[in-house]
Structures are given as structure tokens and as C-alpha cells.
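Commentary on secondary and tertiary structure
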Amino acid sequence: LRSQFMGADRSRRKFIGTAGAAALVSCLPGAGPLNASARTRQKGGPLKPFGFVIHGGAGTIERAKMTPEREAAYRSKLTEALAAGFEVLRKGGAGLDAVVAAIVLLEDSPLFNAGKGAVFTADGTNELDSSIMDGRTLKAGAAAGLKRVKNPIRLARLVMEQSPHVMMVGDGAETFGSQKGVELVDPKYFYTEERWQQLQRRKEEEQKATPPKQSDLRTPGGLPDDKKFGTVGAVCLDREGNLSAGTSTGGMTNKRFGRVGDSPIIGAGTYANNETCAVSCTGDGEYFIRSVVAHDISAAMKYGGKSLREAADLVLAGVGRLGGGGGLVAIDGRGNFAMPFNTSGMYRGWVGPDGKPHVQIYKD
């Protein structure tokens, strides 16, 4: 596993160094790191530097197994989400608004394991989780175990902004959301044939395992047997220099007992702090929780003096050593960003002030 991870790590460093941080910085005014003077320009003046990065899940995503039509659909939806975030930022809007705008679009698409495309539990239901964080105030909101909320990211933001709490779950969270005007849907809204068949395959594979052990349901890399995480997320540096992050997921296929992964857990799947960075994760949730991935990246920067890229690589390497697979997107207050993953692919993209969207799927 270690050699497998390190192979992915080398290519990831090359990707981040060229198409990652350098690409975003090169499209910023002055082609260099963001600075305080740039952030204090008046709204009527030149565009302030900003950056927006998204992901749509990591896993075994191989070019040879992707049809041209399927790939085009993913690229189109990711581009649309980037455009939604860019439009908010171009007008001087808050990063939180950009994050929500992009994630709502991804939640409404059946392509991703979030919202409409959520996977099924062992009971044949859908349970959705989401979280969001404001790097300026360190306020955060999260909701888990949702069955009727069309866009969980909207509810997470309401928990953050209109309640004294950080996390709400299940029926209570939905009652709160209903009182605040969140759109509720019939649970049948989340049904897609593709996800239903995915559940049936998982159940068949589980029955063949004798006895069904945890290790039987995973590949050597620690990935669930569908080998893909469709969690979606976004991180943002807005024109005021504020960082924000959000994440949304449908969880794990065939999950039981009200299992909750890292996506709604602040510090594990989502974190934002203006002093360091904003992070959104996707992957083997149990390992990301144990590694407190999102916050650990921030801590490596704040207390260890690491750059964003160094911190992201360091923390994800730890996840790999535990046996976990996945990836993340992160951005710092200077506009540098990282998109590391230790799987064969991750749906991801970024856009800067020039408005040109960049979307990538595979490791190469």
C-alpha cells in the first residue's frame, strides 16, 4: 500500500506544482502570490485576486473504463459548478455564497454521490450529510442523516448562521430546516436506477463472502468495493481575502446503523481558517475522521510552518499509511491550492479571476 500511495504521490506533486498552485497564481493579477494591498482595492477598481476549487469525488476512475459520453457529462457539470462559483466571486460576492452555489448544482446532478445522486443504505433509503465553514469567523454548520432535504448544503449553512449549534441530525435537523424554509422532497426524489443497481451488486457480493468480513468488502487500497467516492465539495478565497469550505455526500453504499462519515464533521471532512487554509475532503470517511484530515492540514501550516502543498501531501500520506483512500481540495489565503489524491482519479476543477475553468479527472 505504501508503494502504491507513493507512486500516486509523485504524480500528484508534479500535477500540483504545474497545473495546481502555479496555474492559479499565474492567472492572478501580477502573476504572483496574493498580497494585502491587492485585497484592499475598492470594488469599483480592478478585480481582486480570488480562487475557487471544487471536487466531485475520488476513487478508481480510469480513462479506459470511461465512455466519452460519461466523461463529457462529468466535465460539463463540473464546469457549470465552477462557473456558478466564479460568477458570485466576479461580482464581489462572499465565498460562502460561491461554495453553496456550486455545491447545490452538484447536489442536483445524479452524477455525484450527493443530493439527487445519493447512494442507498442497506435498508434501501438515502441518508445525506453536509457541512460548511467560514474561515473569517470560524463558524461552522453541519447536518447528517437527512432523508428529505433536497440540498443539504443549504441546511448546513442555516445551522451555522441561524442556530447556536454546529451539527444537527436526522428528524430534528429536518424539522429545523422546514421551519427555516429549506426545500423538503419526497424520499423517492433521490431514487436513481444506477445507484439502486449499485446497492444490489453490493448485497450480492456481501452474500458471497464467507464469512462477510470487513476486509472482504474492501480492496487492498482501503476503498469500498464500488471503488469510488462521489462526495462533492468546494473551497474558496473570495475578493475580501476570506476563506470558506463546504462538503456534501450521500454516504456509503449499503451502510448500516446510521453510519456517518467525515463529510459533516468539522475538522475531518471540512475546515476553513483565514489564518491557514480551507479544505474539503472526499474518501474513506472512517480514515479521514481518525486522521482529522482537514484540520490537520491547517495545523501543519499554522504550527509546523508547512506550505499548503506540503501540509496536504503530508496529511494525506498519513491516511494512506492507515489504509485509507481518497483525496481533497484546499486553498490558502495567497491563492495557492492543492488537489492531492491517492487513488487513480478524482473529479476536480479550479477557476481564477480570468474566468477560465479547468477540469481534470484522471491522475495523469
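On a predicted model such as this, the values are computed, not experimentally measured, just so you know.

Among the 7 residues in strand 6 (residues 243-249), 7 count as buried, and that is most of the element. Burial of the side chains of strand 6 extends over both faces: Leu 243, Ala 245, Thr 247 and Thr 249 are buried on one face and Ser 244, Gly 246 and Ser 248 on the other. Bridge count between strand 5 (residues 232-237) and strand 6: 6 bridges; the pairing is antiparallel. Each bridged residue has a counterpart across the sheet, and for Val 235 the counterpart in strand 6 is Ala 245.

So, on to the packing of helix 4 (residues 95-107) against helix 5 (residues 152-162). Packing of helix 4 against helix 5 brings their axes to within 8 Å, and their N-to-C directions diverge by 150 degrees. Judged by the angle between their axes, helix 4 and helix 5 are roughly antiparallel. Contacts between helix 4 and helix 5 involve Leu 96, Asp 97, Val 100, Ile 103, Val 104 and Glu 107 from the former and Pro 152, Ile 153, Arg 154, Arg 157, Met 160 and Glu 161 from the latter.

Turning to helix 7 (residues 193-208), a few remarks are in order. Between its first and last C-alpha, helix 7 extends 23 Å over 16 residues, near the 22 Å set by a 1.5 Å rise per residue. Looking at helix 7, one finds that the buried residues are Arg 195, Gln 198, Leu 199, Arg 202 and Glu 206. When helix 7 is viewed along its axis, its buried side chains cluster within an angular range of 100 degrees and face the same direction. Exposed side chains of helix 7 directed beyond 90 degrees from the buried face belong to Gln 207 and Lys 208.

Attention now goes to the confidence of the model for the protein chain. Put simply, the protein chain has an average pLDDT of 85, and 81% of its residues get 70 or more. In the predicted structure, residues 1-44 sits below a pLDDT of 50 and forms 95 contacts with residues beyond four places in sequence or in another chain. Note that residues 212-227 has pLDDT below 50 and, in this model, 36 contacts with residues that lie over four places away or in other chains.

The description of an aromatic ring pair uses the distance of the two centres, along with the angle that the planes make with each other. Going through the model one piece at a time under the given rule, you end up with 9 aromatic pairs. Seen from their ring centres, Tyr 74 and Tyr 347 are 4.1 Å apart, and the 15 degrees between their planes marks the pair as stacked. Separated by 273 residues along the polypeptide, Tyr 74 in helix 3 (residues 68-90) and Tyr 347 in strand 11 (residues 345-351) bring together distant segments of the chain. Take Tyr 74 and Tyr 347: they sit in the same class, and that class is buried. Ring centres of Phe 112 and Tyr 347 lie 6.3 Å apart, and the angle between their planes is 90 degrees; on these two criteria the pair is classed as edge-to-face. Residue Phe 112 is found in the loop between helix 4 and strand 2 (128-134), and its partner Tyr 347 is found in strand 11; the two are separated by 235 residues along the sequence.

Parameters at a glance
- The numbering scheme is per chain: residues are counted from 1 as the chain's sequence reads.
- pLDDT decides what is reported in this predicted model: residues at 70 or higher carry local features, side-chain atom pairs at 80 or more are listed and counted, and totals for whole chains, interfaces and linings draw on all residues regardless.
- The basis for the side-chain values is all heavy atoms of the structure; hydrogens and waters are excluded.
- Exposed residues in this analysis have more than 50% of their type's maximum accessible area, buried residues have under 20%, and partly exposed residues fall in between, with area computed by a 1.4 Å probe over protein chains only.
- Elements are defined by DSSP. Helices are runs of H or I of four residues or more, strands are runs of E of two residues or more, and each kind is numbered from the N terminus.
- DSSP calls a pair of strands paired once it identifies at least 2 bridges connecting them.
- Only the stretch in contact is used when fitting a helix axis, every axis being a line fitted to C-alpha atoms; angles between N-to-C directions are given from 0 to 180 degrees.
- We call two directions roughly parallel when the angle between them is under 35 degrees, roughly antiparallel when it is over 145, roughly perpendicular when it lies between 65 and 115, and oblique otherwise.
- What makes two residues a contact is simply this: any of their non-hydrogen atoms within 4.5 Å.
- For a helix, the expected span equals 1.5 Å multiplied by the number of residues minus one.
- Within this analysis, the arc is defined by the directions that extend from the helix axis to the C-beta atoms.
- For every residue, the predictor assigns a confidence score, pLDDT, that lies between 0 and 100.
- Think of it this way: a Phe, Tyr or Trp ring, Trp meaning its six-membered ring, pairs with another when their centres are within 6.5 Å, and the plane angle makes it stacked under 30 degrees, edge-to-face over 60, tilted otherwise.

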